[in-house]
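Topology and contacts: notes
Given next are the chains, with one letter for each unit.
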Amino acid sequence: MAALKKLEKVSARLEENQQYLQREFENAMDFMMRELELSGARAALFGLDGLVSKQIITLSILNPLLEARQLTGQGPGLMEQVEKTVLGSVEQKRESQMDQLLLLLMSGFAVLCIDGCGEALVFGVQGFESRGPDEPQNEVMQRGAKDGFNESYQNNISMIRRRMKTTALKFEKAEVGSKSHTPLALCYLEGVASPEILDQLRQRLKTFHLDAALGAGYLVGFLERGGVFSGMGMTERPDVVCGKIQEGRIAILMEGTPSVILVPFLFVENFQTLDDYLTRPFYGTFIRWLKYAAFFLSAFLPGLYVAIATHHPEMLPEALLLKISESEAQTPFPVMAETLILYFLYEVLREAGLRAPRSLSATVSIVGGLVIGDTAVSAGLVSAPSLMVVALTAIAGYAVPRLYEPLALLRLAFLLAGNFLGVWGVMIGLVLLLMDLCGTDSFGVPLLSPVAPYNGRLSFRDVFVRANWRRLAKGSANVQSMPGSREAGQ
């Protein structure tokens, strides 16, 4: 039983290491062990099938070891010869801590143990498959690059490095998850990113106490501080990440997810896309104002429609009021119930279309169009004005996809406020929303910056209008020039 005790360090006895690793990976069919003899000493090579490349192991480790004739000595001396004369071209390092050795094994490294040596030789021979850098489905750009991040954070690092060839670009390694030990990298530009924000980010990462981190969304709950709108941005595009870190932001690249977290993230950035900067300034400004209008339309239109139709019909033109009254007279439900039913039906159909297999997506769309469209109106269950309001609200929400989640709940909140308190209820909701926005910050930077606190120079360069590149080049609207940043405090 002594051989089965928990090992804190690599044992000098090969048999003890073998038994310990076999016990740790008991019933694990991917555990591989290859025994061999080096200069009369017993040795063993360990790895996990599917994480290591068998071809690299055969060509770079096993063949050189089996063909080596000049090896002499035992124990540490033999290990040093193998490291320096036989396998000198392979990425390798020594490891004496058993918990680190297990972590490296489960990260795709191969491990060589030699009888009589209290250290193991670890080789970087990862060979697991990964998805190619396809164009992100959630961030389609008309003129931008067509490559996107994948699930390997090392590949994602290389895509950023290819675009930014500067030694100021730093990748700081960390890990989260007490059992998964998921690796991640903090990406930033030294001298541009705020050291105070970096320190805050490191401290908040230490508060992550879950056993595993299976996606970037796991981190968001530990990094942000609440509020209706998030102070954390996400993207799957390397060109967007490069643009943000040049403005002083910090990107978090995590293994196993193509979504990269950006901090700090401002509210106005939800309306900005890379295409805005690849088109003419006047058109970029026009598109940006369309998105602002779509945001307010998507959030307030259902609530205002119900409030005016129920409590303030005198605010409508006579012709429009007669049309709405005529439609409502033919339906069994009040305006509030109609709008609420259509809203929930739309959300159900959206979720069904999103989760259904691709072969059924077209069917869901057709059935949804028939159920919510002509059939419902023809049957007299809902009125055409209510249907048009919900449809217009849904379409407007897709113009700002990053804000769809908070908008879905804001629509419902303003809908209820408008039904019970009329237009005054919608206005009260708007005031509360503005208070929440003005009181929220993202790592010390006000979420509504540079609109609140107001900075006219920045607001009329890249918020209300999209200035030309000559004007933008004179000074980018980055974190260091915003309230709460290092530059502002000096």
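Right above here is the structure, for reference.
These figures come from a predicted structure and were not determined experimentally. Here the residue index of a chain counts from 1 through its sequence in written order. At least 70 in pLDDT is required for a residue's local features to be given in this predicted model, at least 80 for side-chain atom pairs to be given and counted, and no such filter applies to totals for whole chains, interfaces and linings, which use all residues. Only hydrogens and water are removed before side-chain values are computed, so all heavy atoms of the structure are retained for them.

This brings us to the sheet that holds strand β3 (residues 92–95). Taking strand neighbours across the sheet as the criterion, the five strands line up as β1-β2-β4-β5-β3 in an open arrangement whose pairing is antiparallel. With partners counted over all chains shown, the strands left at the sheet margins are β1 (31–38) and β3, one partner each. On average, each strand axis in the sheet is tilted by 25 degrees relative to the strand beside it, whichever way the strands run. In this sheet, strand β5 (residues 120–124) lies alongside β3 in antiparallel orientation, the contact comprising four bridges. For Lys93, the partnering residue across the bridge sits in β5 and is Val122. Any two residues having at least one pair of non-hydrogen atoms within 4.5 Å are treated as being in contact. Helix axes use the C-alpha atoms of the stretch in contact, all axes being lines fitted to C-alpha atoms, and the angles between their N-to-C directions lie in the range 0 to 180 degrees. Strands here are runs of E lasting at least two residues and helices are runs of H or I lasting at least four, both read from the DSSP assignment and numbered beginning at the N terminus. The strands touched by helix α1 (residues 14–24) are β1, β2 (41–48) and β4 (109–114); relative to β2, the strand with the most contacts, the crossing angle is about 20 degrees. Pairing between two strands is assigned when DSSP locates at least 2 bridges connecting them.

Moving on to the environment of Leu7. As for its placement among the helices and strands, Leu7 is situated in the segment before α1. In sequence terms Leu7 and Tyr20 are 13 residues apart; their C-alpha atoms lie 7.5 Å from each other. With residues near it in sequence (within four places) discarded, Leu7 still touches Glu16, Asn17, Tyr20 and Met98.

A few words on the nonpolar core. Within the largest apolar cluster, 54 residues are counted, with the highest numbers of intra-cluster contacts made by Leu219, Phe229, Ile250 and Phe267. Elements supplying a minimum of two residues to this core: β7 (182–189), α6 (195–205), α7 (216–223), β9 (250–254), β10 (260–263), α10 (281–311), α12 (335–355) and α15 (404–439). Contact partners of Phe229, with chain neighbours within four places excluded, come to Phe267, Phe295, Leu403, Pro406, Leu410, Leu433, Asp436, Leu437 and Leu447. As used in this record, nonpolar core signifies buried Ala, Val, Leu, Ile, Met, Phe, Trp, Tyr and Cys residues forming a set joined through side-chain atoms within 4.5 Å. With a 1.4 Å probe rolled over the protein chains alone, any residue whose accessible area is under 20% of its type maximum counts as buried; one over 50% counts as exposed, and the rest are partly exposed.

Strands belonging to one sheet form pairs held by backbone hydrogen bonds; the direction of such a pair is parallel or antiparallel. Spatially, β6-β7-β9-β10-β8 is the arrangement adopted by the five strands of the open sheet, whose pairing is antiparallel. Either end of the sheet is taken by a strand with one partner, and the two such strands are β6 (169–176) and β8 (233–235). Sheet twist, expressed as the average angle between the axes of neighbouring strands with direction ignored, equals 25 degrees. Here β8 pairs with β10 via three bridges, running antiparallel. What sits directly across from Gly233, in β10, is Leu262. Sitting on the sheet, α6 touches β6, β7, β9 and β10, and the angle it makes with β7 is about 170 degrees.

Moving on, we get to a nonpolar patch on the surface. A surface patch of nonpolar side chains, about 720 Å² in accessible area, is lined by Leu416, Phe420, Leu421, Ile428, Val431, Leu432 and Met435. Looking at the element boundaries, Phe420 is found in helix α15. Only residues above 30% relative accessible area that lack a salt bridge enter a patch, with like-charged residues linked at up to 9 Å and the nonpolar side chains Val, Leu, Ile, Met, Phe, Trp and Tyr linked at up to 5 Å. Surface exposure here means Shrake-Rupley accessible area, sampled with a 1.4 Å probe, where a residue is shielded only by the protein chains that are shown. Just to be clear on terms, a salt bridge is a Lys or Arg side-chain nitrogen sitting within 4 Å of an Asp or Glu carboxyl oxygen.

Cavity: a set of points on a 1 Å grid over the protein atoms alone where a 1.4 Å probe fits but cannot get out. Pocket: an open set with protein on both sides within 12 Å along at least five of seven lines, its lining residues, like those of a cavity, having an atom within 4 Å of a point. Grid points are joined across faces, edges and corners, and a volume is the space filled by probe spheres set on the points. A full pass over the atoms with the stated rule returns two cavities of 30 Å³ or more. Roughly 50 Å³ of internal volume is contained in the second largest cavity. Lining the second largest cavity are Pro302, Thr339, Tyr343, Tyr346, Val390, Thr393, Ala394 and Arg411. Looking at the lining of the second largest cavity, the elements with two or more residues in it are α12 and α14 (384–397). Classification used: nonpolar for Ala, Val, Leu, Ile, Met, Phe, Trp, Tyr, Cys and Pro, charged for Asp, Glu, Lys and Arg, polar for all others including Gly. Residue classes in the lining of the second largest cavity are distributed as five nonpolar, two polar and one charged.

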